Amino acid sequence: MAADVGGGHAVARRIPVAVTASDPISREGAISQLRRHPEVELREEAGPGAVALLIENALDEAALTRLRRVVRSEGSRAVVVVDAIREVELLDVVGCGVGAIVWRHEATAERLVQAVLAASRGEGDMPADLLGRLISQVGTLHRGASGRPGVPSLGLTPREVDVLRLIAEGLDTAEVASKLSYSERTVKNVIHALTTRLHLRNRAHAVAYALREGYI
């Protein structure tokens with residue numbers, strides 16, 4: 001909801017963000033950076049409609065359990081800030097519903113806010129090298145599964161495949177719309193329809209599933 005300030009100018013709705021970290025120094029550092037940005041409303045706990053910013057040293061099973069709880073039980077969007085991700089952890093992270101990942105050495109205030117904004121919209125925001133690794137890994141899994149009986153089909157429409165293919169290449173909503181001669185609203189509706197129908201968490205999750213099933 002917009003609010004009036006000063007001379008009656010409207011301010012966009014602030015995004016509720018809860019920061020958790022494996023150590024107090026990292027948590028306070030992130031809070032200090034985010035506090036300078038008026039579009040962020042810091043909270044002690046995440047919840048439905050909020051963005052959970054999780055700062056982890058490593059994505060071990062305990063960290064993945066925290067991610068699942070935040071996204072699935074608490075209904076929050078998630079941004080993960082981490083030093084590194086092993087190949088085996090990539091699909092686990094995406095499967096938890098995380099579409100926004102930031103390397104710790106790149107975690108400036110501006111970079112964190114960019115990821116928070118993307119997560120709040122249900123969009124993906126990953127480093128280019130990490131997205132490439134994700135595509136490569138899922139492609140490998142699909143090739144290993146190809147030809148096996150009983151592999152389920154997602155039933156994606158040609159339009160959905162076209163949209164996901166361009167998202168996998170790193171294009172944003174406006175660029176996808178331009179490439180396909182659609183309106184941005186149409187692109188958003190396509191993404192919303194397929195993620196709802198297939199119970200997917202966000203764009204990155206949808207791309208991963210489309211890759212796994214061989215549509216891309």
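Preceding this section is the structure that the text describes.
First, a word on what this report is: a plain description of the structure on this page.

Quick notes on the rules
Residues numbered from 1 in each chain as written. Predicted model: local features only at pLDDT ≥ 70, side-chain atom pairs only at ≥ 80, totals over all residues. Heavy atoms only, no water. Core = buried A, V, L, I, M, F, W, Y, C linked by side-chain atoms within 4.5 Å. Buried < 20%, exposed > 50% of the residue type's maximum accessible area, 1.4 Å probe, protein only. Helix = DSSP H or I, 4+ residues; strand = E, 2+ residues; numbered from the N terminus. Contact = heavy atoms within 4.5 Å. Salt bridge = Lys/Arg side-chain N within 4 Å of Asp/Glu carboxyl O. Right-handed = clockwise from strand over helix to strand, strands pointing away. Pairing = 2+ DSSP bridges. Axes fitted to C-alpha atoms, helices over the stretch in contact; angles between N-to-C directions. Parallel < 35°, antiparallel > 145°, perpendicular 65-115°, else oblique. Nonpolar A, V, L, I, M, F, W, Y, C, P; charged D, E, K, R; others polar. Phe/Tyr/Trp six-rings, centres within 6.5 Å; stacked < 30°, edge-to-face > 60°. Lys NZ or Arg CZ within 6 Å of the ring centre and 35° of its normal.

Describing the nonpolar core
Soluble globular proteins tend to pack their nonpolar side chains together in the buried interior.
Link 1 in the chain: Core analysis: the biggest nonpolar cluster contains 25 residues, and Leu59, Leu67, Ile85, Val98 and Ile101 have the highest contact counts within it.
Link 2 in the chain: When residues of this core are traced back to their parent elements, those giving at least two are β5 (51–56), α2 (61–73), β6 (77–82), α3 (87–95), β7 (100–103), α5 (128–145) and α9 (203–212).
Link 3 in the chain: Ranked by residues supplied to this core, first place goes to α2 with five residues.
Link 4 in the chain: When residues no more than four places from it in sequence are discounted, the contact partners of isoleucine 101 are Val80, Val82, Ile85, Val93, Arg111, Asp125, Met126, Pro127 and Leu130.

Some remarks on the pattern of salt bridges
Pairs can form between side chains of opposite charge once their charged atoms are near each other.
Link 1 in the chain: Enumeration over the complete set of coordinates arrives at nine salt bridges.
Link 2 in the chain: Taking the shortest distance from any N to any O, the salt bridge between arginine 27 and glutamate 28 comes out at 3.3 Å.
Link 3 in the chain: Among the ionic pairs, arginine 165 bridges to aspartate 162, the shortest N-O distance being 3.4 Å. Taken together, the positions of arginine 165 and aspartate 162, both in helix α6 (residues 158–168) and three residues apart, correspond to about one turn of that helix.
Link 4 in the chain: Owing to a relative accessible area of 31%, aspartate 162 belongs among the partly exposed residues under this scheme.
Link 5 in the chain: Put simply, Arg27, Glu28 and Glu44 are held in one network by salt bridges that share partners.

So, the pairing of strand β3 (residues 15–21)
The side chains of a regular strand alternate between the sheet's two faces.
Link 1 in the chain: The element β3 is largely enclosed, with a buried count of five among its seven residues.
Link 2 in the chain: Once the chain exits β3 it traverses helix α1 (residues 24–34) before rejoining the sheet at strand β4 (residues 40–43), and the crossover so formed is right-handed.
Link 3 in the chain: The pairing of β3 with β5 spans five bridges and is parallel. Residue pairing across strands places valine 19 opposite leucine 53, the latter belonging to β5.

Structural notes on the sheet that holds β3
Sheet strands line up and pair through hydrogen bonds in the backbone, either parallel or antiparallel.
Link 1 in the chain: Within the open sheet, the five strands sit side by side as β4-β3-β5-β6-β7. Their pairing is parallel. Lying at the two open borders of the sheet, with one neighbouring strand each, are β4 and β7. Looking at each pair of strands side by side, their axes are set apart by 25 degrees on average, direction ignored.
Link 2 in the chain: Pairing of β5 with β6, which is carried by six bridges, proceeds in the parallel orientation. Looking across to β6, one finds that leucine 54 is bridged to valine 80.
Link 3 in the chain: Here α1 sits on the sheet and contacts β3, β4 and β5; the angle it forms with β3, its principal contact strand, is near 160 degrees.
Link 4 in the chain: Here helix α4 (residues 109–120) sits on the sheet in contact with β3, β4, β5, β6 and β7, set at roughly 150 degrees to β6.

Things to note about the environment of glutamate 45
Link 1 in the chain: In this fold, glutamate 45 is placed in the loop between β4 and β5.
Link 2 in the chain: On the accessibility criterion, glutamate 45 (65% relative accessible area) is exposed.
Link 3 in the chain: Sequence separation of glutamate 45 and alanine 18 is 27 residues, and the distance between their C-alpha atoms is 5.3 Å.

Looking at the packing of α6 against helix α8 (residues 184–197)
Link 1 in the chain: At a closest axis distance of 10 Å, the pairing of α6 and α8 adopts a crossing angle of 100 degrees. It follows that α6 is roughly perpendicular to α8 by the angle criterion. Mapping the contact onto sequence places Arg159, Glu160, Val163, Leu164 and Ile167 in α6 and Thr186, Val187, Val190, Ile191, Leu194 and Arg197 in α8.
Link 2 in the chain: For the contact of α6 with α8, the class distribution of residues is seven nonpolar, one polar and three charged.

Comments concerning the environment of alanine 46
Link 1 in the chain: Mapped onto the secondary structure, alanine 46 falls in the loop between β4 and β5.
Link 2 in the chain: Distance in space between the C-alpha atoms of alanine 46 and serine 76 is 6.4 Å, their sequence separation being 30 residues.
Link 3 in the chain: Setting aside residues up to four positions removed in sequence, alanine 46 forms contacts with Ala18, Ala52, Glu74 and Ser76.

Examining the packing of aromatic side chains
Link 1 in the chain: Overall, the coordinates contain zero aromatic pairs when judged by the stated rule.
Link 2 in the chain: One residue, arginine 159, lies across the ring of tyrosine 182, its end atom 4.9 Å from the ring centre.

None of the figures reported here should be taken as evidence of function without further support.
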